[in-house]
Amino acid sequence: MTEILVHDIHGEAEPAAAKVVEHPAWPRLRDAVEQIRPWQSKDGSIDFDAEGAPEAPAVAMALARVIAAVEELSPLLPHDALYHEALVADLRAWEAGGFDVPDFLDSLLAFQPAANRVDGLQHLVVFPMYTQNGNPDRNLEAVVLRMVWPEWLAELEATRYDNPLFCGITFEGFTSGYDTNSAVLFPETIAVREAPERFSWGGIFCDREAARFRRVTEAAVGLLGLDLPEEIRAMIDDQGRCEQAFVLWDMIHDRTHSRGDLPFDPFMIKQRQPFWMYGLEELRCDLTAFKEAVKLEADGFPQGRDVQYAVLFDRMFRFPVTGERVRNYDGLGGQLLFAYLHKHDVVRWTDNTLKIDWDRAPEVTNQLCGEIEQLYRAGIDRPKLVHWFAAYDLVSTYLAPHPGSRWAKGPDALDLEKPPRKLVDDVLADEFPLSMFYEALSKKLKHVIAETKGITAADAGRAA
């Protein structure tokens, strides 16, 4: 039988397949999961002795609907057959254990999306999990996603930016935990009895990142009176083009955490460090993506040009004014980038209008990347506390610390008899407050940023 091929938005050929979210079993699955979620505790268990708790038969009936819907949808996704079999087994084991703390390790190990990165391939994922920047509890979630893996990206990963665990993905459908600011699907968020020795995949929703970027950038450009070259305006108006920029940015960013002249564990995921260390690490990875994007543009990849715009605008406009000011390390990185470019006369705020020197922006942005890389290289030979102070000096060269900061007064203001991790307690929640420029921008942009909660590609063109 001849296989019929279709083309997705990225121009890649793929086997024709029914969209999972258009099958009648998908809303049944979604609704059954939504029924179970409010019954769960923070750790994912269901406490039948709690006030207002459901009766066990009601939970069992809802779970049966989840299982039935998964089994009905699974034939649409033969590449996930082993995962769905393990998923059903884990769901039944959860019920058999009295809906105690869920353990979905077996189904997690069976789900291997990075082993089959085909552009446009759908996956149906059900796990008890928290959603980063979304729901902090390990509630049951159901997500239908689609792989983003065009030929040009696959070629770059194979030849220049090896990252065999990275999955670019887009939303097709999701439950409440993703009706949030979360734009990632990470295996470490899933409830399991023990963490695997190593994780074998990680997914980032480039459609949400692109849609959020477009909405916030459009608003910021209007507020700041920024005159955009037509090339950049065309990018911001194109959801598919922005998705391709973000999937490339994310792929390079992700691999950068383990590359370069680095201290032993630069990612610092389980370490207690001052939040500016996290901010510098995330900014280093973004600026490395920027630096590589400059090279890619020179080599004829238009996506490289778009990554540069995405990094600059997302970092300067959205990051500094998003979220609370308590240890906001991503916000700090955005503040630092803007301040560095401002000090070097690449951006100017004059006559209530923002101006950008587009010709010098790549050179000066790469210059900041070089300063951070030199900090890291020197850090290999430094004690931890000395490295932290050197990083503080770099940030405070461009950003004014809070006037009440003890760290700003130098080592003599701290009790150096304490171990370094205890000195983190002396870091202020907002060690580097927003400048007057960002205070004003935050007031004008905050409603736009709030309205990007749960945004997808379908929402990207709607007025804020």
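Right above here is the structure, for reference.
Small disclaimer: the values here were computed from a predicted structure and weren't measured.

1. A word on the overall build of the chain
Here is step 1: Counting secondary structure elements, the chain contains 15 helices and 9 strands.
Here is step 2: What you see for the chain is a C-alpha radius of gyration of 23 Å, in line with the 23 Å of a compact globule of 464 residues.
Here is step 3: By its C-alpha atoms, the chain is 60 × 60 × 40 Å across when sized along the principal axes.
Here is step 4: Across the 464 residues in the chain, those meeting the buried criterion constitute 52%.
Here is step 5: Long-range contacts, defined as pairs at least 24 residues apart, comprise 71% of the intrachain contacts of the chain with a sequence gap of at least 6.
Here is step 6: Carbon and sulfur atoms provide 51% of the accessible area of the chain, an area that totals close to 20700 Å².
Here is step 7: For the chain, the separation between the mean place of its 48 positive charges and that of its 75 negative charges on side chains is 5 Å.

2. Some remarks on the nonpolar core
Here is step 1: Within the largest apolar cluster, 139 residues are counted, with the highest numbers of intra-cluster contacts made by Leu 29, Phe 313, Met 316 and Trp 407.
Here is step 2: Per-element accounting of this core gives the leading share, 10 residues, to helix H9 (residues 275–298).
Here is step 3: With residues up to four places along the chain from it excluded, the contact list for Trp 407 reads Pro 274, Trp 276, Leu 385, Trp 388, Phe 389, Tyr 392, Leu 414, Leu 423, Asp 426, Val 427 and Glu 431.

3. A closer look at helix H11 (residues 329–343)
Here is step 1: Its 15 residues place the ends of H11 21 Å apart at the C-alpha level, agreeing with the 21 Å of an ideal helix rising 1.5 Å per residue.
Here is step 2: In terms of burial, H11 is largely enclosed, as 11 of its 15 residues are buried.
Here is step 3: Every buried residue belonging to H11 is among Gly 331, Leu 332, Gly 333, Gly 334, Gln 335, Leu 336, Leu 337, Phe 338, Ala 339, Tyr 340 and Leu 341, and all of these are buried.
Here is step 4: In the stretch just after H11, Asp 345 is the one whose phi turns positive, near 65 degrees.

4. Details of empty space enclosed by the protein
The method is simple in principle: a probe with the dimensions of a water molecule rolls over the atoms, and the space it marks as empty is what remains.
Here is step 1: Applying the stated criterion to the full structure yields 1 cavity of 30 Å³ or more.
Here is step 2: Taken as a whole, the largest cavity holds about 40 Å³ of empty space.
Here is step 3: In terms of lining residues, the largest cavity is bounded by Phe 111, Pro 113, Leu 145, Cys 167, Ile 169, Leu 185, Trp 201 and Gly 203.
Here is step 4: The class makeup of the residues in the lining of the largest cavity is 7 nonpolar, 1 polar and no charged.

Procedures and definitions
- Residues numbered from 1 in each chain as written.
- Predicted model: local features only at pLDDT ≥ 70, side-chain atom pairs only at ≥ 80, totals over all residues.
- Heavy atoms only, no water.
- Helix = DSSP H or I, 4+ residues; strand = E, 2+ residues; numbered from the N terminus.
- Rg over C-alpha atoms; globule rule 2.2 N^0.38 Å.
- Buried < 20%, exposed > 50% of the residue type's maximum accessible area, 1.4 Å probe, protein only.
- Contact = heavy atoms within 4.5 Å.
- Areas by Shrake-Rupley, 256 points an atom, 1.4 Å probe, with all protein chains shown as cover.
- Lys, Arg positive; Asp, Glu negative; His and termini not counted.
- Charge placed at Lys NZ, Arg CZ, Asp CG, Glu CD.
- Core = buried A, V, L, I, M, F, W, Y, C linked by side-chain atoms within 4.5 Å.
- Expected span 1.5 Å × (residues − 1).
- 1 Å grid on protein atoms, 1.4 Å probe; cavity = no way out; pocket = protein on both sides within 12 Å on 5 of 7 lines; lining within 4 Å.
- Points joined across faces, edges and corners; volume = space filled by probe spheres on them.
- Nonpolar A, V, L, I, M, F, W, Y, C, P; charged D, E, K, R; others polar.

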